Number of protein chains: 2
Amino acid sequence: MGMKQRQESILEELASAQELDALQAAIENLRDLFGADHMVYHWVNADGDQYGCGTYSPEWVENYVSQDYLRVDPVIVGCYQRFHPVDWKRLDWSSKAARTFQKEAIEHGVGNQGFSVPIRGPNGQFALFTVSHNCDDDTWAEFTEKHRRDLILIAHEFNNKALEFEPNRSPEQSRALSPREVDAMTLLAVGYSRAQVADTLSISEHTLRVYIESARFKLGALNTTHAVARAMSRGLIVV
Amino acid sequence: MGMKQRQESILEELASAQELDALQAAIENLRDLFGADHMVYHWVNADGDQYGCGTYSPEWVENYVSQDYLRVDPVIVGCYQRFHPVDWKRLDWSSKAARTFQKEAIEHGVGNQGFSVPIRGPNGQFALFTVSHNCDDDTWAEFTEKHRRDLILIAHEFNNKALEFEPNRSPEQSRALSPREVDAMTLLAVGYSRAQVADTLSISEHTLRVYIESARFKLGALNTTHAVARAMSRGLIVV
DNA sequence: TTTCAACTCCCCCAAAATAGTGAGGGGCGG
DNA sequence: CCGCCCCTCACTATTTTGGGGGAGTTGAAA
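Since the structure is predicted, the reported quantities are computational estimates derived from the model, not experimental observations.

The rules behind each value
- Counting from 1, residues in each chain are numbered in the order their sequence is written.
- Going through the entries in the order they are written, you letter the chains from A and number the ligands from 1.
- Predicted model: local features are reported for residues with pLDDT of at least 70 only, side-chain atom pairs are reported and counted for 80 or more only, and whole-chain, interface and lining totals are derived from all residues.
- Values reported for side chains reflect all heavy atoms of the structure, with hydrogen atoms and water molecules removed beforehand.
- Elements are defined by DSSP. Helices are runs of H or I of four residues or more, strands are runs of E of two residues or more, and each kind is numbered from the N terminus.
- Think of it in three bands: with a 1.4 Å probe and only protein chains considered, a residue is buried below 20% of the maximum accessible area for its type, exposed above 50%, and partly exposed in between.
- Pairs of residues are marked as contacts when any of their non-hydrogen atoms sit within 4.5 Å.
- Note on areas: Shrake-Rupley, 1.4 Å probe, and residue coverage restricted to the protein chains presented here.
- Just so you know, the count uses Lys and Arg for positive and Asp and Glu for negative, and it drops His and the chain ends.
- In this description, the location of a charge corresponds to atom NZ of lysine, CZ of arginine, CG of aspartate or CD of glutamate.
- When we say a residue is near a molecule or strand, we mean one of its heavy atoms is within 4 Å of it.
- We call two N or O atoms a polar contact when they sit within 3.5 Å, provided that within protein one can donate a hydrogen and the other can accept it, with sequence-adjacent residues counted only if both atoms are side-chain atoms.
- Note that Gly is not counted as nonpolar here; it falls among the polar residues with everything else outside the nonpolar set of Ala, Val, Leu, Ile, Met, Phe, Trp, Tyr, Cys and Pro and the charged set of Asp, Glu, Lys and Arg.
- Note on definitions: buried area is the accessible-area loss of two parts on being combined, 1.4 Å probe, summed for both.
- Here, a salt bridge means any Lys or Arg side-chain nitrogen found within 4 Å of an Asp or Glu carboxyl oxygen.
- Start and end points for every domain follow an automatic or database-based domain assignment.
- A least-squares fit on C-alpha atoms brings the copies together, and the residues used are those whose pLDDT is at least 70 in both copies.

**Some thoughts on the overall build of chain A**
A count of helical and extended segments in chain A gives ten helices and five strands. Projected onto its principal axes, the C-alpha coordinates of chain A cover approximately 65 × 45 × 30 Å. Looking at chain A as a whole, 51% of its 239 residues qualify as buried. Considering only intrachain contacts with a sequence separation of at least 6, the fraction spanning at least 24 residues in chain A is 61%. Total accessible area on chain A is roughly 11,200 Å²; 50% of this is exposed by carbon and sulfur atoms. Averaging the coordinates of the 24 positive side-chain charges in chain A and doing the same for the 33 negative ones gives two points 7 Å apart.

Rendered as structure tokens:
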């Protein structure tokens, strides 16, 4: 069976799987198929839930979360602001925190080369699909060039499957805001005070307050700032 | 030249293009290549800016925007909440508004079948890549099954290119926030009050205020909510 | 038809955030 | 060494929000 066919069959198996474990199985198979040191899929959503699967050593994963490297890792920060898949070499590793992180990662066998595909879903969901390896630059360039397309599609399939299992799907939480509520949230997000928003929308401030409060309620937010943050990260408003 | 090769060459040309017009040219070529009635790429994001290119008739496009169909179109509302590409048949066309919209769309030659790929970028950017055609269900099922993968990749390439031209790259991309400022913004974004944030960070509320104000200053924000919104949309904090 | 969600308006008062001033110590690069 | 940024703390006064009440209209869906 050729590589294409095997890749195809792994993805088909993944697509028809009923359990989250299938992701872990599929990623191991794909890692072997591509002959890379590691392959990892990882997502975070607006409420801080996360899920990951992959072939990194348990020690490294534990270390990563316990050190809160999510906020340091240049792969995360870099990909969060980009759309296209990115080679780790092109990220900013200049800060001291990044350098120590990098050193530690390599010590844990992560590999000196990496390629990460950022993927975004509804409600501010953000995921990364990463392949890492230990080799020289030329070999890696050849690898990424050859497999770029496939990796994007695989990332897509993984995220698709992962979203099926996402617990945060209650209709209560993802209920859309009404048009006026969207207006209110949007204007608040661009810095208007309640008075200014009310003026802009040509309604009384009292009325505006009703919208803000109902939006807050729908979003399960504790205050206006929280409501705006949630509305943004869930993609309900565009700022 | 086979279909694969032509597709490849169109995408390569697109990738190396320096002007936005290239998107329009590429989409026309791809439409012809796939033998579909229409192909459209369209994105919305910051400040309500939008850009679209495609092969719909100018009358239909004008009608669409003037009627504000963006808020009615089941393709938009449906895809906005999904991740995977979707066949138009699987969307909810039951509301009255949707039915009249559908009728009008078909009258404008949009086609009775459609397949749309939602794509999301940083900062809440949302784009749709759509192929539409006039044919029976079986023919369309075969078409989408055959080209699904390619359409996802094409959507990805289009969005990648479109983002290059996005004007939303403010020159005064002020210096990054300090660690404490990031802490403050992050906790505020998850709904903590100033008192709670100060408590969490084990500093006085007075000190916290200094961070919030300096963050506000750096971000050019008018108030805390605005600052958090900007920090989020610039990817400075991860919530 | 009835119900329900959205939109609009009003009061009062307590709590929280903002604005205007400060000040001092630590670290890092030119 | 000096400037610059980061971290830490304090006071007072004013403005803005939040929480608790209600109440009426419209339009669309069940």
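The discussion continues.
**Quick word on the environment of D137 of chain B**
Residues and elements named next belong to chain B. As for its placement among the helices and strands, D137 is situated in helix α6 (residues 137–164). Distance from D137 to Q113, taken between C-alpha atoms, is 7.7 Å for residues 24 residues apart in sequence. In this view, D137 contacts K89 and Q113; residues no more than four positions away in its chain are not counted.

**A closer look at the protein's contact with DNA strand D**
Around DNA strand D, the surrounding shell holds 18 residues, and the nearest of these are R209, R216 and T224 of chain A together with S178 and Y211 of chain B. Protein-adjacent atoms of DNA strand D, using a 4 Å cutoff, are sugar or phosphate at a proportion of 61%. Take R209 of chain A: an N or O atom from its side chain is 2.3 Å from a base oxygen of DNA strand D. At 2.6 Å, a side-chain N or O of S178 of chain B approaches a phosphate oxygen of DNA strand D. Broken down by secondary-structure element, the contributors of at least two residues to the surface near DNA strand D are α9 (205–219) of chain A together with α7 (179–189) and α9 (205–219) of chain B. Residue contributions to the surface near DNA strand D peak at six residues, all from α9 of chain B.

**Description of the protein's contact with DNA strand C**
The environment of DNA strand C is made up of 16 residues, and the closest members are S178 and Y211 of chain A together with R194, R209 and R216 of chain B. Within 4 Å of the protein, atoms of DNA strand C come from sugar and phosphate in 66% of cases. At 3.0 Å, a side-chain N or O of T207 of chain A approaches a phosphate oxygen of DNA strand C. R216 of chain B places a side-chain nitrogen or oxygen 2.4 Å from a phosphate oxygen of DNA strand C. The biggest single contributor to the surface near DNA strand C is α9 of chain A, with six residues. Tallied by class, residues from the surface near DNA strand C come to four nonpolar, six polar and six charged.

**Observations regarding the interface of chain A and chain B**
At the junction of the two partners, chain A supplies 42 residues and chain B supplies 45 residues. Across the chain A to chain B interface the summed buried area is about 3,900 Å²; carbon plus sulfur atoms make up 61%. Of all residues in chain A, F83, R149 and H156 of chain A give up the largest surface area on contact with chain B, accounting jointly for 18% of the area buried on that side. Summed over the shared surface of chain A and chain B, the result is six salt bridges. As a salt-bridge pair, E157 of chain A and R149 of chain B come within 3.6 Å of each other at their nearest N and O atoms. Along the contact surface separating chain A from chain B lie eight residue pairs in polar contact (both at pLDDT 80 or more). Of all elements in the fold, only α1 (3–16), β4 (113–120), α6 (137–164), α7 (179–189) and α10 (224–233) of chain A reach the threshold of two or more residues within the side of chain A that touches chain B. Per element, the largest residue contribution to the side of chain A that touches chain B is nine residues, and it comes from α6 of chain A. Residues of the side of chain A that touches chain B, tallied by class, amount to 21 nonpolar, 14 polar and seven charged.

**Section: the domain arrangement of chain A**
According to the domain assignment, chain A contains domain 1 (3–164) and domain 2 (179–233). Put simply, the middle of domain 1 of chain A and the middle of domain 2 of chain A, counted by C-alpha atoms, are 37 Å apart.

**Examining the relation of the copies chain A and chain B**
Turning chain A through 178 degrees and shifting it by 0.7 Å along the axis lays it on chain B, with an RMSD of 2.1 Å. Read as a symmetry element, the transformation amounts to a two-fold axis. Most of the interface of chain A is mirrored in chain B, where 95% of its interface residues again form contacts.

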